[in-house]
Amino acid sequence: MPKTTAELVTLLDLEEIEVGLFRGAQPDTEAQRTFGGQVLAQALVAAQRTVGDDRLCHSLNAYFLRPGDPTKPLIYDVETLREGRSFSTRRIVARQGGRNSFAMNASFHVKEPGLDHSDRAPGNVPPPQECRSLTEVMAERFGPESPLWKTWEALDVRFAGDSGPEHSIEARSHSAHMRVWVRTAQPMPDDPGLHQAVLAYLSDMTLLSVITIPHQRQFSRSDVVAASMDHAMWFHRPVRTDEWLLYDMVSPAAASGLGFSTGRLLQDGTMVASCSQEGLVRVGDED
């Protein structure tokens, strides 16, 4: 994974091979498959390169078709589905070795006036300055050898509570609920599209893991197989990912080897994005 914010920005600077065709690099990583948030972010950047500067993404819907090989670059093929006065729609397919590994539709919209409201931020959330790092909390719960939470060095992630054994979030409404504060570890360039791409990157970071909270399982265990199947996201307002975001996540249901999670991202008390994801979570017998 990128070790600095600058490395993350470089990872999202795609090479244009020809019109509508882009190559995405891979970071140095010990992971056996490409991080899904990286593919989301690179695919969004590829699509952004084909639309005008007057419009930003307002929604995307993606499917992870095959695990990505982190030792090989990804090729992103962008198809124009619609080019209207207010909206542009793109279809993005990522390939490795001639095989499709990822597919996404993304829609872009010009900025225009309209109705404006937002849900309130949840109450009783400790500020990020009072929260421990997510890595520290996970190491305390599952042991210091856990590799899963050592890979986010480009981001500053603080644990703000969950509905687990300590019940820092009351579990009456949601048995699977977690909150984190997150921002990039260093300042970002002033590029609204790049901030959207980084938001997509970090949106995949903890969303699937919320499914396991009532069961006290960890994805890095040998008896747990977990993988994102799809990911949808809606961008409501401009965002700065180098300033604190509250990621409020719940998993309303899990059954038959699949789990579903939703999340909302808030900045300065206002919702800036929403997302949802379904993932494969297979759990074997205890050793």
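Use the structure listed above.
I will try to describe carefully the structure that is included in this document. (Residues numbered from 1 in each chain as written. Predicted model: local features only at pLDDT ≥ 70, side-chain atom pairs only at ≥ 80, totals over all residues. Heavy atoms only, no water.)

### Looking at the overall build of the protein chain
Part 1 of the argument: Scanning the protein chain from N- to C-terminus turns up 4 helices and 12 strands.
Part 2 of the argument: Against the compact-globule benchmark of 19 Å for 287 residues, the protein chain has a radius of gyration of 18 Å, which places it among compact chains.
Part 3 of the argument: With respect to the three principal axes, the spread of C-alpha positions in the protein chain is 50 × 45 × 35 Å.
Part 4 of the argument: Taken over 287 residues, the protein chain has a buried fraction of 52%.
Part 5 of the argument: When contacts within the protein chain are restricted to residue pairs at least 6 apart in sequence, those whose partners lie at least 24 apart make up 71%.
Part 6 of the argument: Element-wise, carbon and sulfur atoms account for 49% of the exposed surface of the protein chain, whose accessible area totals about 14300 Å². (Helix = DSSP H or I, 4+ residues; strand = E, 2+ residues; numbered from the N terminus. Rg over C-alpha atoms; globule rule 2.2 N^0.38 Å. Buried < 20%, exposed > 50% of the residue type's maximum accessible area, 1.4 Å probe, protein only. Contact = heavy atoms within 4.5 Å. Areas by Shrake-Rupley, 256 points an atom, 1.4 Å probe, with all protein chains shown as cover.)

### Side note on the nonpolar core
Part 1 of the argument: Among the nonpolar cores identified, the biggest contains 63 residues, and Leu60, Tyr76, Phe102, Met104, Leu199, Met233 and Leu265 are the most heavily contacted of them.
Part 2 of the argument: Of all the elements, helix α2 (residues 36-48) adds the most residues to this core, at 8 residues.
Part 3 of the argument: The contacts of Leu199, once residues within four sequence positions are left out, are Met233, Phe235, Val239, Thr241, Leu245, Leu265 and Ala273.
Part 4 of the argument: By size, the runner-up hydrophobic cluster in this structure holds 8 residues, among which are Val125, Trp181, Leu266 and Met271. (Core = buried A, V, L, I, M, F, W, Y, C linked by side-chain atoms within 4.5 Å.)

### Some details on the sheet that holds strand β6 (residues 99-110)
Part 1 of the argument: Read from one edge to the other, the open sheet built from 12 strands follows the order β1-β2-β4-β5-β6-β3-β9-β12-β11-β10-β8-β7, with strand pairing classed as antiparallel. Because the sheet does not close on itself, it has two edges, and the strands there are β1 (15-18) and β7 (155-162). Each adjacent strand pair in this sheet contributes to an overall mean axis angle of 25°, direction not counted.
Part 2 of the argument: Where β7 lies against strand β8 (residues 177-184), 7 bridges are found, and the strand directions are antiparallel. Along β8, the bridge assignment pairs Gly161 with Arg179.
Part 3 of the argument: Of the strands in this sheet, β2 (21-24), β3 (55-64), β4 (74-83), β5 (87-96), β6 and β9 (224-235) are in contact with α2, which crosses β4 at around 50°.
Part 4 of the argument: With respect to the sheet, helix α4 (residues 192-203) is in contact with β3, β7, β8, β9, β10 (245-255), β11 (258-267) and β12 (270-283), its orientation differing from that of β9 by roughly 150°. (Pairing = 2+ DSSP bridges. Axes fitted to C-alpha atoms, helices over the stretch in contact; angles between N-to-C directions.)

### Observations concerning the pairing of β3
Part 1 of the argument: Bridge count between β3 and β6: 9 bridges; the pairing is antiparallel. Bridging from a neighbouring strand, Arg55 pairs with Val110 of β6.
Part 2 of the argument: In this structure, β3 lies alongside β9, joined through 5 bridges in antiparallel fashion. Pairing of Leu60 across the sheet is with Met233, part of β9.

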